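An overview of the molecular structure
Okay, here's what each chain looks like letter by letter:
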Amino acid sequence: MSTPVSLPASIPLSQRLAARGIDGLTLLVVPAALFILGLFVYPFLYGLWLSFQPKVGGTFANYAKFFADPFLYGTIATTLWLALPVTLLNIVLAVPIALRVRHLRRQRLLTTILVIPITLGTVLVAEGLLNYLGPQGWFSRSLIALGLISKPLALLHNYWGVFISLLLTGFPFTFLLTLSYLSGLDPALEQAAATLGAGSWQRFRHIILPLLLAGLAITFCLSFVQAFSVFPSAVLLGAPAGPTRVISIAAYQAAFEDYDYSMASAIAMIMAVVQLAIVAALLFARGLIYRGATSGGKG
Amino acid sequence: MTIHAANFTELKLERLSREFGNLNALRDVNLTIRQGEFIALLGPSGCGKSTTLNILAGLLPATGGGIWLDDKRIDRLRPEERGFGMVFQNYALFPHMSVEDNVGFGLLMRGMSKAERKKRVDEAITMVRLTGHGHKLPGQLSGGQQQRVAIARAIVVEPPLVLMDEPLSNLDAKLRLEMRAEIRRIHNMLGATTIYVTHDQEEALSLADRIVVLKDGVVRQVGTPDELFAHPAYLDVAEFMGFRNRLGGTVTAREGDRVTVALAAGGQMQGRPRGDINVGDTVIVTVRADDMKHAPDGEGFPAKVASSEFRGREFCAFGSAADGSDLAFQSHSPLVAGDQVQVGADPARVLVFPDRMQ
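Criteria and thresholds
- Residues numbered from 1 in each chain as written.
- Chains lettered and ligands numbered in written order.
- Predicted model: local features only at pLDDT ≥ 70, side-chain atom pairs only at ≥ 80, totals over all residues.
- Helix = DSSP H or I, 4+ residues; strand = E, 2+ residues; numbered from the N terminus.
- Rg over C-alpha atoms; globule rule 2.2 N^0.38 Å.
- Buried ≥ 20, exposed ≤ 12 C-beta atoms within 10 Å, placed from the backbone.
- Contact = placed C-beta atoms within 7 Å.
- Domains from an automatic or database assignment.
- Nonpolar A, V, L, I, M, F, W, Y, C, P; charged D, E, K, R; others polar.
- Expected span 1.5 Å × (residues − 1).
- Arc of directions from axis to C-beta.
- Pairing = 2+ DSSP bridges.
- Right-handed = clockwise from strand over helix to strand, strands pointing away.
- Core = buried A, V, L, I, M, F, W, Y, C linked by C-beta atoms within 7 Å.
- Axes fitted to C-alpha atoms, helices over the stretch in contact; angles between N-to-C directions.
- Parallel < 35°, antiparallel > 145°, perpendicular 65-115°, else oblique.
- Left-handed = near helix turned anticlockwise from the far one by under 90°.
- pLDDT = per-residue confidence, 0-100.

Across its full length, chain A holds 13 helices and 0 strands. For 299 residues, the compact-globule estimate of 2.2 N^0.38 gives 19 Å, and chain A exceeds it by more than 25% at 26 Å. Dimensions along the principal axes, computed over C-alpha positions, put chain A at roughly 100 × 70 × 35 Å. Relative to its full complement of 299 residues, chain A shows a buried share of 31%. In chain A, the share of contacts with a sequence separation of at least 24, taken over all contacts with a separation of at least 6, comes to 75%.

In terms of helices and strands, chain B carries 9 helices and 20 strands. In terms of overall dimensions, chain B has a C-alpha envelope of 75 × 45 × 35 Å along the principal axes. The burial tally for chain B puts 44% of its 358 residues in the buried class.

Structurally, chain B comprises domain 1 (10-236) and domain 2 (244-354). A separation of 39 Å is found between the C-alpha centroids of domain 1 of chain B and domain 2 of chain B.

What follows covers the interface of chain B and chain A. With 27 residues of chain B in contact, the opposing surface of chain A contributes 24 residues. At the level of secondary structure, the elements contributing two or more residues to the side of chain B that touches chain A comprise α2 (79-82), β6 (85-87), α3 (99-109) and α5 (143-155) of chain B. At 3 residues, the largest contribution of residues to the side of chain B that touches chain A is made by α3 of chain B. A class-by-class count of the residues in the side of chain B that touches chain A yields 16 nonpolar, 9 polar and 2 charged.

Moving on to helix α6 (residues 173-190) of chain B. Residue and element names in this part refer to chain B. In this model α6 runs 26 Å from its N-terminal to its C-terminal C-alpha over 18 residues, within 8% of the 26 Å that 1.5 Å per residue would give. Restricting attention to buried positions, one finds in α6 the residues Ile-183, Ile-186 and His-187. When α6 is viewed along its axis, its buried side chains cluster within an angular range of 100° and face the same direction. In α6, the exposed positions that point more than 90 degrees away from the buried face belong to Lys-174, Ala-181, Asn-188 and Met-189.

Following the sequence through the fold, Gln-146 of chain B ends up in helix α5. A sequence separation of 131 residues divides Gln-146 of chain B from Arg-15 of chain B, and the C-alpha atoms of the two residues are 36 Å apart.

Okay, the pairing of strand β8 (residues 194-198) of chain B next. All names here are of chain B. β8 sits mainly inside the fold: 5 of its 5 residues count as buried. Side chains of β8 alternate between two faces, with Thr-194, Tyr-196 and Thr-198 and Ile-195 and Val-197 buried alike. As defined by bridge partners, strand β7 (residues 162-165) adjoins β8 across 4 bridges and the pair is classed as parallel. Paired with Met-164 across the strands is Tyr-196, a residue of β8. Read from β7 through α6 to β8, the crossover connection turns out right-handed.

The next thing to look at is the nonpolar core. Residues Ile-267 of chain A together with Ala-40, Ala-152, Leu-163 and Val-285 of chain B are the most contacted members of the largest nonpolar core, which totals 160 residues. For this core, the leading source of residues is helix α8 (residues 159-183) of chain A, giving 11 residues. Setting aside its immediate chain neighbours within four residues, Ala-152 of chain B contacts Val-103, Ala-124, Ile-125, Met-127, Val-128 and Leu-130 of chain B.

So, about the pairing of strand β18 (residues 326-331) of chain B. Residues and elements named next belong to chain B. Where strand β17 (residues 315-321) and β18 come together, 6 bridges link them in antiparallel fashion. If you follow Cys-316 over to β18, its bridge partner there is Gln-330. Hairpin connection between β17 and β18: a loop of 4 residues separates the two successive antiparallel strands, and Gly-324 in this loop has a positive phi of roughly 95°.

Another point: the sheet that holds strand β9 (residues 210-215) of chain B. All names here are of chain B. Spatially, the 6 strands line up as an open sheet ordered β6-β7-β8-β3-β9-β10, and their pairing is mixed. On the outer flanks of this sheet lie β6 and β10 (218-223), each paired with one strand and no other. Neighbour-to-neighbour, the strand axes of this sheet turn through a mean angle of 15°, independent of strand direction. As judged from the 5 bridges shared by strand β3 (residues 38-42) and β8, these two strands associate in the parallel manner. Across the sheet, residue Phe-38 finds its bridge partner in β8, namely Thr-194. Running over the sheet, α5 touches β6 and β7 and is turned about 170° from β6.

So, about the environment of Lys-55 of chain A. All names here are of chain A. Within the secondary structure, Lys-55 is located in the loop between α2 (29-51) and α3 (61-68). With 12 C-beta atoms packed within 10 Å, Lys-55 lands in the exposed category. Along the primary structure Lys-55 and Leu-283 are separated by 228 residues, whereas in three dimensions their C-alpha atoms are 37 Å apart. Excluding residues within four positions of it along the chain, Lys-55 makes contact with Asp-260 and Ser-262.

Below, the discussion takes up the sheet that holds strand β1 (residues 10-20) of chain B. Residue and element names in this part refer to chain B. Strands sit in the order β2-β1-β4-β5 across an open sheet of 4 strands; the sheet is antiparallel. In this open sheet, the two edge strands, each paired with only one partner strand, are β2 (23-34) and β5 (72-73). Relative to β2, helix α1 (residues 49-57) is tilted by about 65°, and along the sheet it contacts β1, β2 and β4 (64-69).

With that out of the way, let us pick up the packing of helix α12 (residues 247-256) of chain A against helix α13 (residues 261-287) of chain A. Residues and elements named next belong to chain A. Their axes nearest at 7 Å, the elements α12 and α13 cross at an angle of 165°. By the angle class used here, α12 and α13 are roughly antiparallel. The way α12 lies across α13 gives a crossing that is left-handed. Of the residues in α13, those touching α12 at Ile-247, Ala-250, Ala-251, Ala-254 and Ala-255 are Tyr-261, Met-263, Ala-264, Ile-267, Ala-268 and Met-271.

Attention now moves to the confidence of the model for chain B. Residues and elements named next belong to chain B. Here chain B averages 89 in pLDDT, while 97% of its residues score no lower than 70. Note on residues 1-5: pLDDT under 50 across the span, and 9 contacts to partners over four residues away in sequence or across chains. Interface scoring of the predicted complex returns ipTM 0.82; its pTM is 0.81.

Residue and element names in this part refer to chain B. Even without being glycine, Arg-15 reaches a positive phi, approximately 45°. Within the secondary structure, Arg-15 is located in strand β1. Phi is positive for Asp-216, which is not a glycine, with a value near 50°. In this fold, Asp-216 is placed in the loop between β9 and β10.

Our next topic: the packing of α3 of chain A against α13 of chain A. Residue and element names in this part refer to chain A. It is at 9 Å that the axes of α3 and α13 come closest, and there the two elements cross at 65°. The angle between α3 and α13 places the two elements in the roughly perpendicular class. Note that α3 runs across α13; the crossing there is right-handed. Here Asn-62, Tyr-63 and Phe-66 of α3 lie close against α13, whose contacting residues are Ser-262, Met-263, Ala-266, Ile-267 and Ile-270. In terms of residue class, the contact of α3 with α13 is made up of 6 nonpolar, 2 polar and no charged.

Spelled out as structure tokens, the structure:
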């Protein structure tokens, strides 16, 4: 026969909470949580709700309208056609440069120079490019002076203007992220591969690249999301009525030219879904590759 | 591949030097290594032993001198052209490759066929006693097992030279002893030539055919373990070989291979002279802690006990001489802090070095 063990009348609430990791310090999370709720969660949910309140028609009228009008749904392809190649090219450029830079002594100077375009912002960079790449700009004039071309290149107010601007503003971020992933690789791994007879290409192909891929997938996601929301350079350097009518322009026009906030919210939601789909696909692919430790043993 | 066979007659380091800025990490190192030898590079941290190993592997360029493998100068070759096997201190196993792929990597780089590769890899894995672990990733192995993979990876390509950089320093004491025997077994089995870097004199003494003692980038002494143990040529080598007790004094008599020294701490000791020592010279007398004894009524000098530990057969006492020199010595009876005792040592076990500071 067993008598139930009588527990102490009551364990104080504070002790029970502390056992679950909740104590006074937990309160420090509150400001950050409020910040996220107020500035991210609430606007997002509000936008979602708004997108289902169209000016005319049923709940899904905005979405139906978007996918019925090629002028609207075409912006998805236009934006992807800019953002995907730019991000890919940025990574393709960033990896070899980072491989070289990681052994440099003056790394800090270089990274400082590279951070400048980020701090200047896209508008200033766009203004600069308007002069530099224009028909009377240095770029075309230099090429003409060198005899490489006979008339100025059309690099503004078309696809290439936006492409170049996105490349310039996106590169520092992609590069710095790639460099930090690369610096996380144990240099002894490359040395070990070298002593085993691997030349520099083989070391890259068999050791560095496989260990870097997981990091590059994350870099791609973050760079892509940045490029996908392109707006100022698409307006200033592109052809916002045609080839570079990106999705954010469609949202802008709905909100501030048609004053249809509901439609604009719907476009913003579609934008989010496209980005999420690309990121999810990449992260799924990342799950298939090695993403464990990048050092070669117990350090 | 530039070097095919594991066979060579001798590896020669000639006036090998390395400068880092103004620092001479390595100065004029001359060394000849014969095929099949097990060489230990021994010295405290910063002595240049790892620098020597990295220069040999081709991971660090020398700033002076040369390396010759028989008639072939190799110090300008890139690491991938030298074909030496290297075992890194942190093992440097490729974390994304299975044990088999790690071991087979060098063979793959040499363009060996898959079937031949499999055969050699299996052989190497059996040799380091890791059968059954071939499909695991390095992260799934214990430290000792990772160490074995690193060794298998280095030896499977049949390198003329195996370089090991403190390979046991990340293992616990028991595993270290086990792997020590293992490394020597594999060396004997392969007939490989091994250069082994360590700061642990016990490891060097037990493993090596010859030991190279380095200090401040200079070779201090080269010799077999028993030579170095019994006849260290310099005071710093002696200290590294465990001659911990050091006492200052002046030579009062010399008869053949025996000098008598009047100690600064009072009393006197007899010992074997190392180097040119004459009556009247200021000298330093050194003795191992194991050879310094508490001698209740014998010859020697007075010492004051600070503490003593029971070591099974004997007590090991710590204290100081009258001039303040630290002492460690053996005693058959327990001693108490504050005891005034007489200590001395068998003259055959005492080394007397000239005092260079004078």
